[in-house]
Amino acid sequence: MNTFDFLMQGLSVALDPAMLLYALIGVTLGTAVGVLPGIGPALTVALLLPVTYGLDPAGSLIMFAGIYYGGMYGGSTTSILLNTPGESASIVTALEGNKMARAGRGGPALATAAIGSFVAGLVATILLALVAPTVVKLALVFGPRDYFALMVLAFVTVSSAFGDSARKGLISLFVGLSLALVGIDQLTGQARLSFGVPQLLDGVEVTTLAVALFAVGEALFIAGRRSAADDQVIAVKGSVWMTARDWSRSWKPWLRGTAIGFPIGAMPAGGADIATFLSYAAEKRASPHPEEFGHGAIEGVAGPEAANNASAAGTLVPLLTLGLPTTATAAIMLAGFQQFGLQPGPLLFATNPQLVWGLIASLLIANLMLLVLNLPLIGLWVRLLTIPRPWLYAGILVFATLGTIGANPSPVELSMLLIFGVMGYGMRLYGYPIAPVVVGLILGPMAEQQLRRALSISQGDLTTLVASPVAATLLALAALALIVPLILRARGKGAVLSQLASDED
Amino acid sequence: MTRPAPRTRRPDGATLIVALILAAVAVVIWRDAARLPQAGGYAGVGPADVPRWIALGLGALSLWSAVEAFRQGRAAREPQNTGPILWIVGGLAAQLALLATAGFSIATGLLFAATARAFGKRNLALTVPLGIAFALMVYLVFAGLLQLALPAGPLERLVWSLLRGAPE
């Protein structure tokens, strides 16, 4: 069977009424959390992990992917109307989108964001379907050492290649790796760092860590700010439809954004935020009216919004084909797969093709649903923005602790929630990135396993790690990704890198 | 590599504290690893080795942070309001303490009220009952419909007995 047959088979899975319902719940939730400032797709998927434990695996994963896509759509609404990004991949959208809204062109800004997201989501999902089988074929020749090298590369790019300090990124990563050590060693059954506390033998729950860092940390940070930001929701005036001129100025940025976003998401090169910054820079350079940038240029909304959706789809390439998460949301989705006893990777395409292709096909459907949810129904989402802060954050914390209590209602778990929450607050306050901690926690044990497997095969010979051309190349890339930014920063050229700082989602 | 002129003579306290915490964690991991039997098998790498490497990494990052703290000097930061932060931390602590005895709704209702207080809703006489009602609703949806195991207290038991008493 070729890709097309598989995709058709997947569509028949995805068109099942129950799957359609899961997808609808996912995209609706995703749009809502994308719109609401303070919670993003990573936190939402983490919260749903304990709830979906008893549900259908395919349906739950379709829902998670819908949340990821929906978050990318919803974030733009907040950026445009509130000038506060709903999630990190929409920071750039606020630059031009909010200016457009202030000038009374909020409608077209929302429209170009939604249609751009749709175009990018569609193209990128098809690219995902085309690329995935090829990567799976490549991945079949990967041995443990190659996987280990790939994970090292992901560690470096997630933690230290971007952002304003390699030191801070690496510290976050090592905090995650240290937390990953807690619990029973997967290969020998030895209890590590459990200090005789039985609840620690299972290790640190992903849900607990993600909820603490994202929800509790964020709530503390917002509550502690003295200079409250000016939150004025700008009403959408006039038509939401784009004029012919808007269309002609938008379609090229949509395609360029997709072309930039997909590869960035697909390579272990960081999250959607990086793609949006690059797309914004590209649009500014390509535009015939660069003087409009900063005053509400529609290209500056169309490009980055397409880029963040394309990158979300791109992220699924390494996640599904290699089991390698490159963003916090993808890392938590990987935990979702593992909860159902599924390990994403080349094997999953062979053993469970209905699930993988059903998931990919459902993304096409989710994308269509999102277009409907975000254009005609935009008014509903705007109303979410008017929820007063005290109720919003009180509600967020109720649901956040619900997720932890649902996973494991023990005082130990809640104490960890409190401790990691305060840690998350401190990290935000002093500029330490959050995503590397989550990626370290989930990818750490996998990297350790691959490393020890590789060394078992070579009977302890460390040179085996660079003996395969794939592993050697990947490790060399990792070294470059670590060293080059260090040199750039030392030479005072770090400003660009800190602009590209990868944040939570 | 040019050295940036230090902004002040004093080292940055926050970075120094980070350095100390990292060093402490490194020591804890190292000592825990020392306790493990060295069962390397064919790999020559056992359960204690990766923790040791991570501890070494943490130690190196701790040194790096300490150097950075002295080299860069004190950095200016936005002052924080401690009151709201203590309210939220207190709310979480109250939930933690009460969850097992008072049940999900009362414990979580208090967290709700404390968070709302941190964000400016000061009337606890209103927010505590509101929070408990909201948490009870959440409890009924998640424990009742989605079969999530949430700790029940007197309030939940009362509601269950009322619900079960009525013919369904």
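Residues numbered from 1 in each chain as written. Chains lettered and ligands numbered in written order. Predicted model: local features only at pLDDT ≥ 70, side-chain atom pairs only at ≥ 80, totals over all residues.

A. Inspection of the overall build of chain A at higher detail. Scanning chain A from terminus to terminus reveals 21 helices and two strands. The burial tally for chain A puts 61% of its 505 residues in the buried class. Once local pairs closer than 6 in sequence are excluded, the contacts in chain A between residues at least 24 apart make up 81%. (Helix = DSSP H or I, 4+ residues; strand = E, 2+ residues; numbered from the N terminus. Buried ≥ 20, exposed ≤ 12 C-beta atoms within 10 Å, placed from the backbone. Contact = placed C-beta atoms within 7 Å.)

B. Representation of the UniProt feature "transmembrane region" (unreviewed entry) in chain B within the structure. Residue and element names in this part refer to chain B. Under the UniProt annotation, "transmembrane region" (unreviewed entry) lies at residues 12-30, 85-112 and 124-150. Between the first and last C-alpha atoms of residues 85-112 the distance is 14 Å; the span itself is 96% helix and 0% strand. Helix makes up 81% of residues 124-150 and strand makes up 0%, while its end C-alpha atoms are separated by 25 Å. (UniProt positions renumbered as here; feature names shortened; annotations may be inferred.)

C. Structural detail: the interface of chain B and chain A. Between chain B and chain A, the residue contacts involve 59 residues of the former and 48 residues of the latter. For the side of chain B that touches chain A, the secondary-structure elements that each account for two or more residues are helix 1 (13-35), helix 2 (49-72), helix 3 (82-102), helix 4 (104-118) and helix 5 (124-145) of chain B.

D. Looking closely at the domain arrangement of chain B. Taken domain by domain, chain B consists of domain 1 (13-72) and domain 2 (82-165). Averaged C-alpha coordinates put domain 1 of chain B and domain 2 of chain B at centres separated by 40 Å. (Domains from an automatic or database assignment.)

E. Up close: the environment of A:Gly26. Summarising the element assignment, A:Gly26 is placed in helix 2 (residues 17-35). Beyond its immediate stretch of four places on either side in the chain, A:Gly26 contacts A:Ile62, A:Met63, A:Phe64, A:Ala65, A:Gly66, A:Ile67, A:Gly70 and A:Ala366.

F. Just the nonpolar core, in detail. Counting residues in hydrophobic clusters, the biggest one holds 220 residues, and the most contacted among them are A:Met151, A:Ala210, A:Val211, A:Ile332 and A:Val438. Element by element, the count of residues in this core is highest for helix 6 (residues 106-140) of chain A, at 15 residues. Counting residues domain by domain, this core receives three or more from each of domain 1 (13-72) and domain 2 (82-165) of chain B. Excluding residues within four positions of it along the chain, A:Met151 makes contact with A:Leu324, A:Leu443, A:Met446, A:Ala447 and A:Gln450. (Core = buried A, V, L, I, M, F, W, Y, C linked by C-beta atoms within 7 Å.)

G. Helix 18 (residues 411-429) of chain A, seen in detail. With 19 residues, helix 18 of chain A should reach 27 Å at 1.5 Å per residue; the first-to-last C-alpha distance of 27 Å fits that figure. Those residues of helix 18 of chain A that sit buried are A:Glu413, A:Leu414, A:Met416, A:Leu417, A:Phe420, A:Gly421, A:Met423, A:Gly424, A:Tyr425 and A:Met427. Contacts made by the buried residues of helix 18 of chain A are with helix 8 (166-181), helix 9 (206-224) and helix 17 (389-407) of chain A together with helix 3 of chain B. Taken from the residues just after helix 18 of chain A, A:Gly431 is the one with a positive phi, measuring 75°. (Expected span 1.5 Å × (residues − 1).)

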